[in-house]
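If you want the building blocks of each chain, they are given just below.
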Amino acid sequence: MRTQPLTLYVGTLQVEATPKDILNQSEPLAPTFVNAASVRAFYWTGVKGSNAPIAYTIRAGDANGWQWSQSGQIVGNARGWFRVVVKPPAAYDWYRVEVAGAPQALRSKITGVEEVVE
Amino acid sequence: MNAERITRREMLKRLIVAPVGAAALATLPVREGAAAALQPYYEPYFVAVLWEGRTRCDSLWRSLKGDVVAILPTVQGATPYDRLYWTGYALGSAPVHVTMRVLARAVDHNGVPLGAGWRPIGQATIQTPPQRWFRVEIPEGHWDEYRIEVRSATPRLVYSRVIASQGYWKE
């Protein structure tokens, strides 16, 4: 197996206290990415809009529900860069990248690293 | 100052056989030794040369390309690579004392940075005897662009290259 990067998302989200994913979906069962079973790692980078921390939760699963999650906080100054690395323990079809926090704009990008069969 | 002109082929040979000076990225792990020993669990399937050339180091923070314009990257298109290595040597008969720092950022589909400024990845001080090779490992990969800056209180001419490796997935 070799690896190959894939840009999964680039965009700006207005973060609010209510949790929602980076596609601005509030429905907790809605996936952000589908057909992502080949992705073995996610590199989430971007710039925060204010000093307030942003809580994030990344869920992974499939149509039967979420089976794995990782939570944390994105901390840093306004206009400061952040990076979150996610390496799920198994292959999952669906992922949901959810954020919540004090109102601020979150400009970010998610790159997935896929396994490619040679 | 003793100048020495070498070919790219000669430089590659020296990269393989030359002794390695120690250089540590602050807060980041550093490994020393032969290239094969650098990645005991990680068999690289592809290695790319992202930059190669010479840099006139002085008291200013300069990109390896020589500029002092902080918005300009040193290398671009580095998204596929797990880690980068900076190797080289400084001309001259005096001991080498060069400081370097690594900055990184992400860009959108159009190549525009997501935000202003850079994220500092790490820094190192390279202290070696004259004409000794050094190598710095930059393990935080998958950023789109990097700016590698150097400076030296004593002006030095540094010949170096930046290579990047893309590995097989660690099983």
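Residues numbered from 1 in each chain as written. Chains lettered and ligands numbered in written order. Predicted model: local features only at pLDDT ≥ 70, side-chain atom pairs only at ≥ 80, totals over all residues.

Of the regular secondary structure elements, chain B holds two helices and nine strands. Going from the N terminus to the C terminus, chain B shows its helices and strands as α-β-α-β-β-β-β-β-β-β-β. Buried positions account for 36% of the 171 residues belonging to chain B. (Helix = DSSP H or I, 4+ residues; strand = E, 2+ residues; numbered from the N terminus. Buried ≥ 20, exposed ≤ 12 C-beta atoms within 10 Å, placed from the backbone.)

In this section: the overall build of chain A. Looking only at helices and strands, chain A has zero helices and eight strands in total. Going from N to C terminus, chain A has its helices and strands arranged as β-β-β-β-β-β-β-β. Taken over C-alpha atoms, the radius of gyration comes to 14 Å for chain A, in line with the 13 Å a tight globule of 118 residues would show. By its C-alpha atoms, chain A is 45 × 30 × 20 Å across when sized along the principal axes. Across the 118 residues of chain A, 32% fall into the buried class. Long-range pairs, those at least 24 residues apart, make up 79% of the contacts in chain A with a sequence separation of at least 6. (Rg over C-alpha atoms; globule rule 2.2 N^0.38 Å. Contact = placed C-beta atoms within 7 Å.)

All names here are of chain B. Of all eight residues in strand β4 (residues 83-90), six are buried, a share of seventy percent or more. Where β4 lies against strand β7 (residues 133-138), five bridges are found, and the strand directions are antiparallel. By the bridge assignment for β7, Gly-88 is matched with Phe-134. (Pairing = 2+ DSSP bridges.)

With that settled, consider the interface of chain A and chain B. Residue-level contacts link 18 residues of chain A with 17 residues of chain B. Taken together, the residues that form the side of chain A that touches chain B break down as six nonpolar, five polar and seven charged. (Nonpolar A, V, L, I, M, F, W, Y, C, P; charged D, E, K, R; others polar.)

Here we take up the environment of Ser-38 of chain A. All names here are of chain A. Considering the arrangement of structural elements, one finds Ser-38 in the loop between β2 (20-21) and β3 (39-47). The exposure class assigned to Ser-38 is partly exposed, which follows from the 16 C-beta atoms found within 10 Å. When residues no more than four places from it in sequence are discounted, the contact partners of Ser-38 are Glu-114 and Glu-115.

Right, let's get into the nonpolar core. Most often, soluble globular proteins have nonpolar side chains that are buried together. If you look at the biggest cluster of nonpolar residues, it comprises 34 residues, and the most contacted ones within it are Ala-78, Leu-84, Val-98, Tyr-146 and Val-162 of chain B. Looking at this core element by element, the count peaks at six residues for strand β5 (residues 96-105) of chain B. Tyr-146 of chain B has contacts with Pro-73, Thr-74, Val-75, Ala-78, Leu-84, Val-102, Leu-103 and Ala-104 of chain B, leaving out every residue within four places of it along the chain. Counting 21 residues, the second-largest nonpolar core is a separate cluster that includes Val-15, Ala-36, Leu-106 and Val-113 of chain A. (Core = buried A, V, L, I, M, F, W, Y, C linked by C-beta atoms within 7 Å.)

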